[in-house]
Amino acid sequence: MPHYIYTAMDRRGRRIKGVAEASSLVRAVENLRRTGLLITDIEVDRDVIRIMERYFKGVLAPFGRRLSIKETGAFCRQMASL
């Protein structure tokens, strides 16, 4: 599932930054609103892709060719469903 970096305001007016995991941007916003947060900014976390690529490069490279980013994403989704 994608990660979304958000900035929000809580009920006391304090600014909060965090990361939400959801299947889509709409779901991420809905989940955050349910917790009582007012979303001021939200975007997809692109660094997660780079971290996964760095991690799986060392793990999967001994087994053959390097996986593409699409293959790495598919692998992660399949492992998460297990």
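Definitions and limits used
- Residues numbered from 1 in each chain as written.
- Predicted model: local features only at pLDDT ≥ 70, side-chain atom pairs only at ≥ 80, totals over all residues.
- Heavy atoms only, no water.
- Salt bridge = Lys/Arg side-chain N within 4 Å of Asp/Glu carboxyl O.
- Buried < 20%, exposed > 50% of the residue type's maximum accessible area, 1.4 Å probe, protein only.
- Helix = DSSP H or I, 4+ residues; strand = E, 2+ residues; numbered from the N terminus.

Participant: Help me understand the pattern of salt bridges, please; the structure alone is not making it clear to me.
Facilitator: Two side chains that carry opposite charge are able to pair once their charged atoms sit near each other. In this structure the tally under the stated criterion is two salt bridges. With its nearest N and O atoms 3.0 Å apart, the salt bridge here joins Asp10 to Arg14. Assessed through its relative accessible area of 15%, Asp10 is described here as buried. Its relative accessible area of 48% is what places Arg14 among the partly exposed residues. Arg27 is paired through a salt bridge with Glu30; the nearest N and O atoms lie 3.7 Å apart. Of the two residues, Arg27 and Glu30 both sit in helix 1 (residues 25-34), three residues apart, roughly one turn of that helix. For Arg27, a relative accessible area of 47% translates into the label partly exposed.

Shape descriptors only; they carry no functional weight alone.
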